[in-house]
Amino acid sequence: MPGRRLAVAIAIAACCAAMALAAVEDPPGSAASAGGRPARTAVAAVRPQPSVIVPQLAAAPTATPPADPATAPPAEPSSSPPPAAARACGGLPRFNPATADEIMAGRLTIAPFAAVTVDPNRDGGVNWQLNPFGNPTWGQDFRSGGWIEDLVAAYLAGGPQAGAYQARAKQLAAGWLQALPPSGRDPQTLVCIAQAFPGQAWINDQIPPTVDYYAAHWMGAWNHGLMQDIKLLRIGCGYPPGAFGGDALRWRQTAVAQLTDAFEPNPLGPEIDAQGAVNEQATLYENFVYTLWQTALPALAACGYQPPGWITARIAKLPAFLGSATEPDGDLVQIGDSYVERPATSAHGGALVSVYPQAGYVFGRSGWTPAASFYSLRFGPGREIHGHNDHMGLTYYARGLDLIVDAGHDGYAATPYRTWLQSPEAASTLVLPKVPFSPGAATTLVADRIGRYGQFYELYDTAFDGDPRYRSVYVSQQPDLMLVLDRAQGGSTTSAYSQLWHLAPALTVTEVGASYAVASAAGAELTLARVALPGQVIPPGSTGVAVGQASPYQGWVSQQMLQRTPADTVTMTSTGPSAAILTLLVPTAPSTPVSYSISGSPAGPWQLRVTVGESVTFYTVTAGGAIT
């Protein structure tokens with residue numbers, strides 16, 4: 001993939017929960033107090049600055065002190081950096097005078113955050129532990145030093161200010177090298193900056209220990225390990241094999257070996273499984289890994305390496321997964337640590353339903369047109385990497401908009417809000433409030449039946465304190481509707497089971513009864529009706545709506561970094577030692593009549609009649625969870 005180094009669009013590399021800094025307060029104005037319905041203030045979508053962030057590694061070795069740049073001979077301004085260094089860098093940012101001049105003035109902007117004064121005296125006295133926002137994304141981007149490359153690009157562009165840009169780059173880079181040991185440096189940033197100082201020991205002598213540490217501390221079979229290997233490959237192959245006493249050859253060989261190892265059995269599971277599903281449990285990271293491999297494969301070929309065929313076959317399946325996970329509006333469905341983003345590939349015709357049993361996804365649609373309906377369903381291994389505790393959670397898209405969603409993702413700061421976003425309570429699923437939840441519990445796809453206009457799935461787990469939980473889902477495309485039967489047991493007479501339905505921000509609940517809610521948006525309506533099974537009585541107050549609550553969090557959707565939008569969450573509650581909640585979800589044009597009736601003995605099976613406008617359909621539901 002051409003462009004600046006890995007130029008991978010999403011700054012999601014600045015992620016990760018495992019590297020989050022200490023918890024910080026929520027951004028001002030981001031949470032409403034519980035009880036009232038806050039005003040639905042429009043929140044501007046923000047997209048992070050493209051970047052690749054240096055991972056923070058433990059157990060830093062003693063660094064070789066860099067030589068004093070003040071004693072180094074001045075370099076002649078040049079628009080032609082050494083070819084090896086340029087290849088190892090992979091490309092500098094495009095020269096932007098405004099960005100370069102801001103850095104010259106001691107200020108730095110890392111989008112979507114405000115500008116910060118990082119060098120108040122403009123003397124290189126930067127506090128490299130600075131993090132005014134208490135946000136790991138900003139901190140990682142800042143400490144990576146990648147922004148110094150803007151000055152290198154400015155210098156290499158030539159012109160009357162070239163010498164000043166070079167001197168400022170030296171000043172900042174020298175402080176960066178003094179402040180951060182090899183374990184904390186991005187080696188690619190180092191070689192990119194070194195382009196401006198050919199033959200100068202104060203910086204070039206720091207390349208071997210920095211890259212050596214990076215090569216010796218592989219981060220494993222996920223996107224950070226993949227980025228690490230691409231950098232090692234680019235550096236090792238950019239320089240001649242004998243450079244740095246033969247270290248360049250060793251770096252490239254290490255990268256190739258680790259790229260292959262990521263596909264072998266390991267504690268995180270293979271980076272990409274046989275179906276083309278990435279192990280990070282988030283649709284946006286499927287996309288991110290795909291873009292990384294679009295960089296890695298050409299880099300391998302250019303260096304004379306070819307991955308085994310079984311590995312390239314798995315990589316070749318990534319676009320099919322991304323197509324299946326793309327909603328009819330062209331956006332990836334939000335699952336796990338994912339923003340609302342367009343995939344790097346276009347959705348394409350193919351199977352209308354895709355089941356990924358190892359990774360734990362179901363994606364289905366009525367067709368491949370913008371007018372189609374779409375749904376997703378989660379199951380599979382316990383949470384890891386960028387996954388959420390969203391098992392049995394589903395999403396639903398119809399009538400041109402999102403209807404049922406996951407609460408989303410707003411970044412990696414270790415806040416109570418992020419904890420909630422990762423919790424079962426932020427997914428559209430059945431939860432047992434105040435009951436211990438096990439993130440490591442797997443959810444099994446017990447059954448699936450795939451038809452052209454109707455699909456059935458049954459899921460099972462014991463994630464809530466070891467007690468059984470079942471979800472049966474029937475999805476119809478003629479007409480578009482869903483039937484969801486949740487069953488759980490193991491509680492007491494006072495146990496509350498809550499079926500949560502997170503509505504997209506475009507929808508507003510306009511009507512609520514004991515057993516139903518109706519939500520409306522421009523051109524669409526969604527009916528959520530809890531069907532009383534024969535022998536059941538649904539008491540008043542069993543259906544409620546939460547929006548914009550902060551204690552506990554409920555009724556929010558985050559679609560971009562630092563963004564929180566109040567959004568209705570419909571809750572259907574059942575109290576007792578067990579629960580069986582049958583819910584009908586029907587998207588229609590506004591004012592379309594929806595009705596239903598059910599018959600049968602309390603022991604089942606039950607016959608359900610559903611009328612949507614002039615369409616009448618019939619379903620059989622059993623006490624064991626089958627829906628036909």
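The residue numbering used here restarts from 1 in each chain and proceeds along that chain's sequence as written. Where local features are concerned, this predicted model is filtered to residues with pLDDT of at least 70; where side-chain atom pairs are given and counted, the filter is 80 or more; whole-chain, interface and lining totals use all residues. The basis for every side-chain value is the complete set of non-hydrogen atoms in the structure, without hydrogens or water.

Caption draft 1: Quick look at the packing of aromatic side chains. By convention, a stacked pair of Phe, Tyr or Trp rings (six-membered ring in the case of Trp) has centres within 6.5 Å and planes under 30 degrees apart, an edge-to-face pair has planes over 60 apart, and any other such pair is tilted. Scanning all chains against the criterion turns up 26 aromatic pairs. A ring pair is formed by Phe244 and Trp251, whose centres lie 5.5 Å apart and whose planes are at 40°; its orientation type is tilted. Consider the rings of Trp420 and Tyr553, whose centres lie 6.3 Å apart with planes at 35°: the pair is tilted. With a gap of 133 residues between them, Trp420 in helix H14 (residues 416–421) and Tyr553 in strand E19 (residues 553–554) connect regions that are remote in the sequence. On the basis of relative accessible area, Trp420 is assigned to the buried category, the value being 7%. Buried residues are those whose accessible area, probed at 1.4 Å on protein chains only, stays under 20% of the maximum for their type, while exposed residues exceed 50% and partly exposed ones sit between those limits. The class of Tyr553 is buried, set by a relative accessible area of 12%. Feature note: the residues Phe113, Trp128, Phe133, Trp138, Phe142 and Trp147 constitute an aromatic cluster, connected by ring pairs. Each helix is a run of DSSP H or I of at least 4 residues and each strand a run of E of at least 2, with the numbering of both proceeding from the N terminus.

Caption draft 2: Highlighting the state of the cysteines. In plain terms, two cysteine sulfur atoms within 2.5 Å form what is called a disulfide here. In this structure the tally under the stated criterion is two disulfides. The disulfide partner of Cys89 is Cys192, and the gap between their sulfur atoms is 2.0 Å. Taking the sign of the torsion about the S-S bond as the criterion, the disulfide between Cys89 and Cys192, at about 100°, is right-handed. Note that Cys89 is positioned in helix H1 (residues 83–89) and Cys192 in helix H6 (residues 187–194), a separation of 103 residues in sequence. Residue pairing for Cys237: its cysteine sulfur links by disulfide to Cys303, the two sulfurs lying 1.9 Å apart. Its S-S torsion of about -90° marks the bond between Cys237 and Cys303 as left-handed, since a negative value means left-handed. On the criterion of sequence distance, the pair formed by Cys237 in helix H9 (residues 223–238) and Cys303 in the loop between helix H11 (283–302) and helix H12 (309–315) is long-range, its members being 66 residues apart.

Caption draft 3: How the structure looks around the packing of H9 against helix H10 (residues 247–261). Between H9 and H10, whose axes approach to 8 Å, the crossing angle comes to 150°. As judged from the angle between their axes, H9 and H10 are roughly antiparallel. The handedness of the crossing between H9 and H10 is left-handed. In this structure, H9 uses Leu226, Asp229, Leu232, Leu233, Ile235, Gly236 and Cys237 to contact H10, whose residues at the interface are Ala248, Trp251, Arg252, Thr254, Ala255, Val256, Gln258 and Leu259. Under this grouping Gly is polar, as are all residues other than the nonpolar Ala, Val, Leu, Ile, Met, Phe, Trp, Tyr, Cys and Pro and the charged Asp, Glu, Lys and Arg. A breakdown of the residues in the contact of H9 with H10 according to their chemical character gives 10 nonpolar, three polar and two charged. Orientation is described by lines fitted to C-alpha atoms, with helices fitted over the stretch in contact, and by angles between N-to-C directions that extend from 0 to 180 degrees. An angle below 35 degrees is treated as roughly parallel, one above 145 as roughly antiparallel, one from 65 to 115 as roughly perpendicular, and anything else as oblique. A clockwise turn of the near helix away from the far one marks a right-handed crossing, whereas an anticlockwise turn of less than a right angle marks a left-handed crossing. Note on contacts: a residue pair qualifies if any of its non-hydrogen atoms lie within 4.5 Å across the two residues.

Caption draft 4: Geometry of unusual backbone geometry. Omega for the peptide link from Gln478 to Pro479 comes to 0°, which places this bond in the cis form. For the peptide bond that leads from Ser551 to Pro552, omega is 0°, which places it in the cis range. Residue position: Pro552 is located in the loop between strand E18 (549–550) and E19. Here the phi dihedral of Gln281 falls at roughly 60°; this positive angle occurs in a residue that is not glycine. Within the element layout of this structure, Gln281 appears in the loop between H10 and H11. With relative accessibility at 5%, the residue Gln281 sits in the buried group.

Caption draft 5: Examining the sheet that holds strand E7 (residues 401–404) more closely. Strands are labelled as partners when DSSP assigns at least two bridges between them. Taken together, the five strands give an open sheet; going across it, the order is E3-E4-E5-E6-E7, and neighbouring strands pair in antiparallel fashion. The open sheet has two edge strands, strand E3 (353–356) and E7, and neither has a second partner. Strand after strand, the sheet turns through a mean of 15° between neighbouring axes, direction not considered. Relative to strand E5 (residues 374–378), strand E4 (residues 361–365) runs antiparallel, the two being bridged by five bridges. Residue pairing for E5: Tyr361 is matched across the bridge by Arg378.

Caption draft 6: Local environment of the pattern of salt bridges. Between Lys or Arg on one side and Asp or Glu on the other, a salt bridge is scored when a side-chain nitrogen of the former is within 4 Å of a carboxyl oxygen of the latter. Counted according to the given criterion, the structure contains 11 salt bridges. Between Arg168 and Asp119 there is a salt bridge, with its nearest N and O atoms 2.7 Å apart. In this pair, Arg168 sits in helix H5 (residues 162–179) while Asp119 sits in the loop between strand E2 (116–117) and helix H3 (136–143), placing the two residues 49 residues apart along the sequence. With a relative accessible area of 5%, Arg168 lands in the buried category. Among the ionic pairs, Arg342 bridges to Asp331, the shortest N-O distance being 3.0 Å. Here Asp331 lies in the loop between helix H13 (318–324) and E3 and Arg342 lies in the loop between H13 and E3, a separation of 11 residues in the sequence.

Caption draft 7: Structural view of the sheet that holds strand E13 (residues 496–502). Spatially, four strands are ordered E8-E13-E22-E17 in an open sheet, and the strand pairing comes out antiparallel. Either end of the sheet is taken by a strand with one partner, and the two such strands are strand E8 (430–431) and strand E17 (543–546). Where E8 meets E13, two bridges bridge the pair, whose relative direction is antiparallel. Note that in E13 the partner of Leu430 across the bridge is Gln499.

Caption draft 8: Representation of the pairing of strand E25 (residues 606–612) in the model. Across the seven residues of E25, five count as buried, placing the element largely inside the fold. Alignment of strand E24 (residues 594–599) against E25, held across six bridges, turns out to be antiparallel. Bridged to Ser599 within E25 is Gln607. Connecting E24 to the antiparallel partner E25 that follows it, the hairpin turn spans six residues, and Gly600 within it adopts a positive phi of roughly 130°. For E25 and strand E26 (residues 615–621), the ladder comprises seven bridges, and the chain directions are antiparallel.

Caption draft 9: Inspection of the packing of helix H8 (residues 207–216) against H10 at higher detail. The N-to-C vectors of H8 and H10 enclose an angle of 20°; their axes lie 10 Å apart at closest approach. Put simply, H8 runs roughly parallel to H10. H10 is crossed by H8, and the crossing has left-handed handedness. Residues Ile207, Pro208, Val211, Asp212 and Ala215 of H8 form the contact with H10, whose participating residues are Asp247, Arg250, Trp251, Thr254 and Gln258.

Caption draft 10: Representation of the confidence of the model for the chain in the model. In the predicted model, the chain carries a mean pLDDT of 88, and the fraction of residues at 70 or more is 87%. The predictor attaches a confidence to each residue, and that confidence, scored 0 to 100, is pLDDT. Predicted confidence for residues 1–66 stays below pLDDT 50, and this span has 188 contacts to residues more than four positions away or in other chains. Throughout residues 70–79 the model reports pLDDT below 50, and contacts reaching past four residues in sequence, or to other chains, amount to 15 contacts.

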